[in-house]
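Next come the chains, spelled out residue by residue.
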Amino acid sequence: MPLVRISLLKGKPASYRRKVGDAVHQALVETIDVPAKDRFQLITEHDPEDFVYDREYLGIARSRDLVIVQATISAGRSLHLKRALYRTIAERLAAAVQLRPEDVLINLVEIAKENWSFGNGVASYAPVETAAA
């Protein structure tokens, strides 16, 4: 169920962006049991003046290759699974595009399952209402 937003500086080829998206999706499938066909991603390139980040926040030396991954997911996963997901995303990105772990920033946004509609104007994961509201 994730909606994944991936942000990076302009200038990387389409093949790089595709590998980044593939690596992130693979990590979600492997780590938090996202179905393989449940892939919804927005990969956005930004001009340098619109991609603002601290190059040394928390003592982590970030480069111009920074990739920001924000995944909106259904709530309820353990801290153990989240930590495994962060680690796996960084590992898959290193393998796919040689991205340094220091250049991977991940933010999870957890929401209740009833906040998803995958089409047809239906709350895809909400219980069916049996009585009129």
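Everything below is about the structure printed above this text.
What counts and how
- Residues numbered from 1 in each chain as written.
- Predicted model: local features only at pLDDT ≥ 70, side-chain atom pairs only at ≥ 80, totals over all residues.
- Heavy atoms only, no water.
- Helix = DSSP H or I, 4+ residues; strand = E, 2+ residues; numbered from the N terminus.
- Buried < 20%, exposed > 50% of the residue type's maximum accessible area, 1.4 Å probe, protein only.
- Pairing = 2+ DSSP bridges.
- Right-handed = clockwise from strand over helix to strand, strands pointing away.
- Salt bridge = Lys/Arg side-chain N within 4 Å of Asp/Glu carboxyl O.
- Expected span 1.5 Å × (residues − 1).
- Contact = heavy atoms within 4.5 Å.
- Axes fitted to C-alpha atoms, helices over the stretch in contact; angles between N-to-C directions.

1. Let's talk about unusual backbone geometry
(1) Moving on: Non-glycine residue glutamine 98 carries a positive phi angle of around 55 degrees.
(2) Moving on: By the element assignment, glutamine 98 lies in the loop between helix H2 (79-97) and strand E4 (104-111).
(3) Moving on: Notably, asparagine 120 is not glycine yet its phi reads approximately 65 degrees, a positive angle.
(4) Moving on: Position of asparagine 120 relative to the elements: it lies in the segment after E4.

2. Quick look at the pairing of strand E1 (residues 3-9)
(1) Moving on: Summarising burial for E1: 5 of the 7 residues are buried, a large majority.
(2) Moving on: For E1 and strand E3 (residues 67-74), the ladder comprises 6 bridges, and the chain directions are antiparallel. Paired with leucine 3 across the two strands is threonine 72, which belongs to E3.
(3) Moving on: For the segment spanning E1, helix H1 (residues 14-32) and strand E2 (residues 41-46), crossover handedness is right-handed.

3. Describing the pattern of salt bridges
(1) Moving on: Counted by the stated rule, this structure contains 9 salt bridges.
(2) Moving on: Here glutamate 102 ties to arginine 100 by a salt bridge, and the two come within 3.7 Å at their closest N and O atoms.
(3) Moving on: What makes glutamate 102 partly exposed here is its relative accessible area of 34%.
(4) Moving on: A relative accessible area of 34% means that arginine 100 is categorised as partly exposed.
(5) Moving on: Salt bridges here are not isolated pairs; linked through shared partners, they connect Arg18, Asp22 and Arg39.

4. A look at H2
(1) Moving on: The end-to-end C-alpha separation of H2 is 27 Å, in line with the 27 Å expected for 19 residues at 1.5 Å each.
(2) Moving on: Of the surrounding elements, those touching the buried residues of H2 are H1 and E4.
(3) Moving on: Positive phi shows up at glutamine 98, right after H2, with a value of about 55 degrees.

5. Here's the deal with the pairing of E2
(1) Moving on: Summarising the sheet, E1 and E2 pair through 6 bridges and their orientation is parallel. Within E2, the position partnered with leucine 8 by the bridge is glutamate 45.

6. Here's the deal with H1
It helps to recall that an α-helix has 3.6 residues per turn; residues three or four apart then point in one direction.
(1) Moving on: When the terminal C-alpha atoms of H1 are compared, their 27 Å separation across 19 residues agrees well with the 27 Å that a helix rising 1.5 Å per residue should span.
(2) Moving on: Those residues of H1 that fall on the buried side of the exposure criterion are Tyr16, Val20, Gly21, Ala23, Val24, His25, Ala27, Leu28, Thr31 and Ile32.
(3) Moving on: On its buried side, H1 packs onto E1, E2, E3 and H2.
(4) Moving on: Note on H1: the residue one or two positions beyond its end, aspartate 33, has a positive phi of about 60 degrees.

7. Comments concerning the sheet that holds E2
(1) Moving on: As summarised here, the arrangement of the 4 strands in space is E2-E1-E3-E4, forming an open sheet in which the pairing is mixed. The open sheet has two edge strands, E2 and E4, and neither has a second partner. If you compare each strand with its neighbour and ignore which way they point, the axes differ by 15 degrees on average.
(2) Moving on: Sheet topology note: the E3/E4 ladder contains 8 bridges and is parallel. By the bridge assignment for E4, isoleucine 73 is matched with glutamate 110.
(3) Moving on: Relative to E1, H1 is tilted by about 145 degrees, and along the sheet it contacts E1, E2 and E3.

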